[in-house]
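Structure assessment
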Amino acid sequence: MLEHEIAPMTSYQFPPGFMWGAATASYQIEGAVSEAGRQPSVWDTFSATPGHIYDGKTGEIACNHYHLYETDVKWMAELGIQHYRFSIAWPRIIPDGRGRVNEAGVDFYRRLVDCLREHDITPHATLFHWDSPQALEDRYGSWRSREMAMDYADYVTAVVSRLGDRITDWMTINEISCFTHMGYGVEATPPHAPGTRVRTAKEVWQTSHHAVLAHGLGCQAIRAASPRACTVALVDNFAVTVPISESPEHMVAAQKALHTCGSNGGIIFPVLTGAYSPALLEQLGADAPDIQDGDLDIIQQPLDWLGLNIYSGVYVRAAENQQGYEFLSFRDNYPRLHMPWLWILPEALYWAVRHVSDSLGKPELPLLVTENGCAAPDVVNNQGEVIDLERILYLRQYLKALHRAVDEGYPVRGYFLWSLLDNFEWAWGYDRRFGILYTDYETQQRIPKASFHWYQECIRQNRVV
Ligand code: GCO
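Residues numbered from 1 in each chain as written. Predicted model: local features only at pLDDT ≥ 70, side-chain atom pairs only at ≥ 80, totals over all residues. Heavy atoms only, no water.

This part covers the overall build of the protein chain. Scanning the protein chain for helices and strands turns up 17 helices and 13 strands. At 21 Å, the protein chain has a C-alpha radius of gyration in line with the 23 Å of a compact globule built from 465 residues. With the C-alpha coordinates of the protein chain rotated into their principal frame, the extents come out at 75 × 60 × 45 Å. The buried share among the 465 residues of the protein chain stands at 58%. Nonlocal contacts in the protein chain, meaning residues at least 24 apart in sequence, comprise 76% of its contacts between residues at least 6 apart. As presented, the protein chain carries roughly 18200 Å² of accessible surface, and 50% of it is formed by carbon and sulfur atoms. For the protein chain, the distance from the average site of its 37 positive side-chain charges to the average site of its 56 negative ones is 1 Å. (Helix = DSSP H or I, 4+ residues; strand = E, 2+ residues; numbered from the N terminus. Rg over C-alpha atoms; globule rule 2.2 N^0.38 Å. Buried < 20%, exposed > 50% of the residue type's maximum accessible area, 1.4 Å probe, protein only. Contact = heavy atoms within 4.5 Å. Areas by Shrake-Rupley, 256 points an atom, 1.4 Å probe, with all protein chains shown as cover. Lys, Arg positive; Asp, Glu negative; His and termini not counted. Charge placed at Lys NZ, Arg CZ, Asp CG, Glu CD.)

Further remarks concern the site of the ligand. Gln28, Glu175, Tyr311, Glu371 and Glu425 are the nearest of the 13 residues found near the ligand. One of the side-chain nitrogen or oxygen atoms of glutamine 28 is found 2.6 Å away from an oxygen atom of the ligand. If the ligand stood free it would expose 310 Å²; the protein chains cover 95% of that surface. In terms of residue class, the shell around the ligand is made up of six nonpolar, four polar and three charged. (Near = heavy atom within 4 Å. Polar contact = N/O pair within 3.5 Å; in protein donor to acceptor, adjacent residues only side chain to side chain. Nonpolar A, V, L, I, M, F, W, Y, C, P; charged D, E, K, R; others polar.)

Inspection of the secondary structure puts alanine 193 in the loop between α9 (181-184) and α10 (201-225). Alanine 193 gets classed as buried once you look at its relative accessible area, which sits at 4%. Among all residues touching alanine 193, those that are not within four sequence positions of it are Val42, Trp43, Phe46, Phe179 and Gly183.

Below, the discussion takes up the packing of aromatic side chains. Following the criterion strictly, the structure yields 40 aromatic pairs and no others. Considering the side-chain rings of tyrosine 152 and tyrosine 155, the 6.2 Å spacing of their centres and the 55 degrees angle between planes classify their relative orientation as tilted. Of the two residues, tyrosine 152 and tyrosine 155 both sit in helix α7 (residues 147-163), three residues apart, roughly one turn of that helix. In this structure, tyrosine 152 and tyrosine 155 share a single accessibility class: buried. Measuring from centroid to centroid gives 6.3 Å for tyrosine 315 and tyrosine 334, while their planes differ by 70 degrees, and the two rings are edge-to-face. Of the two residues, tyrosine 315 sits in strand β8 (residues 314-318) while tyrosine 334 sits in the loop between β9 (325-328) and α15 (347-359), which places them 19 residues apart along the sequence. (Phe/Tyr/Trp six-rings, centres within 6.5 Å; stacked < 30°, edge-to-face > 60°.)

Let us now look at the sheet that holds strand β6 (residues 241-243). Strand order in the open sheet formed by three strands is β6-β8-β9, and the pairing between neighbours is mixed. Either end of the sheet is taken by a strand with one partner, and the two such strands are β6 and β9. Ignoring strand direction, the axes of neighbouring strands in this sheet form an average angle of 40 degrees. As defined by bridge partners, β6 adjoins β8 across three bridges and the pair is classed as parallel. Note on β8: the bridge partner recorded for proline 243 is valine 316. Against the sheet, helix α11 (residues 248-258) engages β6, β8 and β9, with an angle of about 120 degrees to β8. (Pairing = 2+ DSSP bridges. Axes fitted to C-alpha atoms, helices over the stretch in contact; angles between N-to-C directions.)

Taken as a whole and judged by the stated rule, the model has zero disulfides. No disulfide involves cysteine 219; its sulfur sits 9.9 Å from that of cysteine 230, the nearest cysteine. Summary of cysteine pairing: cysteine 458 is not part of a disulfide, and the nearest cysteine sulfur, belonging to cysteine 374, is at 14 Å. Taking the relative accessible area as the measure of exposure, cysteine 458 reaches 0% and is therefore buried. (Disulfide = S-S within 2.5 Å.)

If you look at the biggest cluster of nonpolar residues, it comprises 152 residues, and the most contacted ones within it are Ile88, Trp170 and Tyr455. In terms of residues, this core owes the most to one element, α10, which gives eleven residues. (Core = buried A, V, L, I, M, F, W, Y, C linked by side-chain atoms within 4.5 Å.)

Moving on, we get to the sheet that holds strand β10 (residues 367-371). Strands sit in the order β1-β2-β3-β4-β5-β7-β10-β11 around a closed barrel of eight strands; the barrel is parallel. Across the sheet, the mean angle from the axis of one strand to that of its neighbour is 25 degrees, orientation sign disregarded. Running over the sheet, helix α16 (residues 389-407) touches β1 (19-23), β10 and β11 (412-418) and is turned about 170 degrees from β11.

On to helix α5 (residues 103-118). Taking 1.5 Å per residue as the helical rise, α5 with its 16 residues ought to reach 22 Å, and the 22 Å between its terminal C-alpha atoms agrees with that figure. For α5, the set of buried residues is Gly105, Val106, Phe108, Tyr109, Leu112, Val113, Cys115 and Leu116. Structurally, α5 contributes buried residues whose contacts are with α1 (26-29), α3 (65-79), β2 (83-87), α4 (90-93), β3 (122-126) and α7. Count one or two residues on from α5 and you reach aspartate 120, which has phi positive near 55 degrees. (Expected span 1.5 Å × (residues − 1).)

In structure tokens:
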């Protein structure tokens, strides 16, 4: 049969210069938890506590990235990414949380960044991705104290003044809600470190207030300490309200619901608008955090861009009730991937962009998807391959939704896939695999999954393939 040549496809093409990347985090990949002066983080303590981690494991070795970073950078170059997001471990830099700087800890990140640049990969550094010094939990309860914001700012100054000659793209904090609301007040499992249960909702909201204050102080510290022009951003996983259909009434309902969904009204709202959501404050009443004069001005620092960590969302529809909306629950057989919360909702990526640009009134604020990806029950088959079709399905649909936002003119500048390699998935230990590289934890071998080659082709063609 005469085969017809298949013309090259052009649909779902991203603009020239679109930033393709991958993301990781220090505690999840580095290991070497006691090397070169590093002291324990709250995640070392939390994961070593029996019953906290699904498979009883810790980040003690993880992907041994501290020693294998050159191998991993080579995989990044093979993948074809031009950008890599990683995080810097506070307990490597200032092991006691405050005071003495551990230069050996700084040197690791110098080696990593120099290796990235040798491979023409731009480093994007998250200054805090949950692994705070245990010493500060012992001293004053970490984020329960306003002192944490001050110590964080000093830590940021120590990092940026030393690495700012090599790193010019900074993210202050990753996903505030996870280490505050899920760290201090959660009843559901799995909790997040430090797992201390405070007594009242007000105390929980006070922890996230200290974290958004830290973000503001961190922005100021970066700009004061950087020896070069640089960019500053927050990375947030705000709860994305998705209209059940794009009819006017349901879209308005989704905008209204944004205020009180999750902890949006006390995190992304003050950071972007300079005020807590009024609807949230009304809902919280006496449980609202204490806000000192001047806090909101500090919190609302200008951002060069905003990082979006979006995996799923919440369906909303208009309702004949006082709020004018209602949240809709997922039924048991709604499609999801290998995490209890990972319901497949690609439109969440599109609506995350719309909510920042439209609902929160930031149409000019450049956006980067700093995390998107999924866990899947990956196994190596008899041919030594991991054919993770579920992950390709997930990623393809989410990137198509993101492309829609780009096509409609929203300021989306790039996409960082979570994650480069399987790693320590917090309270799930190593049982859940998010990587496009399979990590064999026995041998520390990396095996490219089918999704690695799929993503490599997306990058090569600069489009969703
Ligand atoms: C997060 C964290 C990552 C997770 C990933 C999968 O978004 O929760 O930034 O560290 O590992 O999202 O849960």
